[in-house]
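# Coordinate inspection notes
In case you want the letters, here they are:
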Amino acid sequence: MTKTIFESDVPTSTSVDAPQHAPQPVQSRLRVNNFDGLRLIFAAMVVVFHVALLSQAPQLDWLYRYVSSGFAVQAFFVVSGFLVTMSFDNTTSLVSYAKKRIFRIAPAYIVVILVAAFALVAISTLSPGQYFADPRWRSYVASNLMLSNFRQPTLPGVFTNNFEPAVNGSLWTIKLEVMFYCLVPFIVWASRRFGYKPVVAALFVFSILWHGAFAYYADAHNSDLAARFAKQLPGQLAFFAGGTFAYYRTRDGLPPPAAWMVVCAVAGYALTQGMVFLVLAPICVTLIVYWASIRVPQLWSAKRSGDLSYGLYLYHFPIVQVLIALGAFKAAPIASLFAVCGLAFAAALVSWHVIEKNALRFAHSRTTAPRV
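Residues numbered from 1 in each chain as written. Predicted model: local features only at pLDDT ≥ 70, side-chain atom pairs only at ≥ 80, totals over all residues. Heavy atoms only, no water.

## Overview of the environment of Phe204
Quick note on the threshold: Helix and strand definitions follow DSSP, with helices as H or I runs of at least four residues and strands as E runs of at least two, each counted in order from the N terminus. What makes two residues a contact is simply this: any of their non-hydrogen atoms within 4.5 Å.
Note that Phe204 resides in helix α9 (residues 196-221). Considered as a pair, Phe204 and Ile283 are 79 residues apart in the sequence and their alpha carbons are 9.5 Å apart. Aside from chain neighbours lying at most four places away, what touches Phe204 is Ala238, Val279, Pro282 and Ile283.

Here you go:
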């Protein structure tokens, strides 16, 4: 089924149970959407960016310069805003919605944390006894399971000689996604009561003010803590709100942006900086994703091949770190890049068929049908 990076019970790329109040052209447009393909592209962008950044291999510098992990993550949030809002808008109850969200995001997330915590003892500089007795091991497991990766991102004696010692630097976005899930019921309720335009506008303004204030303080006082706060939930909410806005426009039968608007959005995202970029980036990314998800021919169908974007995003970082620790990138950086892609894809494939698909089947087997 079509899903966000962590979503599943939303319309598939080939079959949509759209709201009954939506006009037929909207249903037809969403029956062959491009959300699956876009999410896979965005996940691949994050993978190659992290390979270039973490390996520090000169032969891969061009990936670091020309592939934007930031854009990919922002685009994920836009897709999430569209599809998760649509999911809740077509769910019969809050309990059903919460259950689907939990069973979509939690199983693979728990697996990647526990597998890393136990398997990486093999490359730790500590003995197994020292490794498992170290308080940092327990802190890693507990903090990451509680969506607090920032509290303990490393394992004892693991990746200590790598450019970045964190085990899985991609996990910071999972916390934001879960918080978005929690906000959606309030966003939909407010949109039904006051209309979606003022609600989305309020979210956008609040997000920009939050991000701008902390970013300004971080620059003025060289504060890493303020820079981290700028990237947290309110600072990313403008992108999620953009996806919500696109969903409501589509539901109401309004067309996606014209091609000339998308060209302007690409130019605006690429050419602006500072506070201007801060304001324009959510608008530009929303226009690009909104247009590409509906206007671009379908690139990938998760219904036929499985949804690999979540697994690819979730598992690639520790795979890159292991190959770096083993010296693979020093010996053959280009071959190591392809090795990471192949191993991450294989891990995502196994995760989908063994873990994620079965969890989703369980979640859907005890939930009621969408509201008509």
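## A few points about the pattern of salt bridges
To keep things clear, this is the line we draw: One speaks of a salt bridge when a side-chain nitrogen belonging to Lys or Arg is within 4 Å of a carboxyl oxygen belonging to Asp or Glu. When a residue's accessible area, from a 1.4 Å probe over protein chains only, is under 20% of the maximum for its type it is buried; when over 50% it is exposed; and in between it is partly exposed.
Using the criterion set out here, one finds nine salt bridges in the structure. Between Arg39 and Asp36 there is a salt bridge; the shortest N-O distance is 3.3 Å. Within this pair, Arg39 and its partner Asp36 are both found in helix α2 (residues 35-55), separated by three residues, close to a single helical turn. Comparing Arg39 with Asp36 shows no difference in burial state: the two are buried. As a salt-bridge pair, Glu356 and Arg104 come within 2.9 Å of each other at their nearest N and O atoms. Residue Glu356 is located in helix α17 (residues 333-365), and its partner Arg104 is located in helix α5 (residues 94-119); the two are separated by 252 residues in the primary sequence. Its relative accessible area of 1% is what places Arg104 among the buried residues. Through salt bridges that share partners, Asp36, Arg39, Arg104, Asp307 and Glu356 make up one connected network.

## What about unusual backbone geometry?
The general pattern is negative phi for most residues beyond glycine and trans for most peptide bonds. With phi around 55°, Gln56 is a residue other than glycine that occupies positive phi space. Relative to the elements of secondary structure, Gln56 occurs in the loop between α2 and α3 (61-66). Here the phi dihedral of Asn222 falls at roughly 50°; this positive angle occurs in a residue that is not glycine. Among the structural elements, Asn222 can be located in the loop between α9 and α10 (224-231).

## Here's the deal with the confidence of the model for the protein
To keep things clear, this is the line we draw: Think of pLDDT as the predictor's per-residue confidence, scored from 0 to 100.
Considering every residue of the protein, the mean pLDDT works out to 87; 90% of them sit at 70 or more. A low-confidence stretch, residues 1-28 (pLDDT under 50), is modelled with 105 contacts involving residues beyond four sequence positions or located in other chains. This model gives residues 367-372 a pLDDT under 50, and the stretch forms 14 contacts once residues within four places in sequence are excluded.

## With respect to the environment of Ala218
Along the chain, Ala218 falls in helix α9. For the pair formed by Ala218 and Arg228, sequence separation is 10 residues and the distance between their alpha carbons is 8.9 Å. When near neighbours in sequence (up to four residues on either side) are disregarded, Ala218 contacts Ser223, Ala226 and Ala227.

## As for the environment of Ala281
Following the sequence through the fold, Ala281 ends up in helix α13 (residues 274-295). The sequence separation of Ala281 and Gln74 amounts to 207 residues, and the corresponding C-alpha distance is 8.8 Å.

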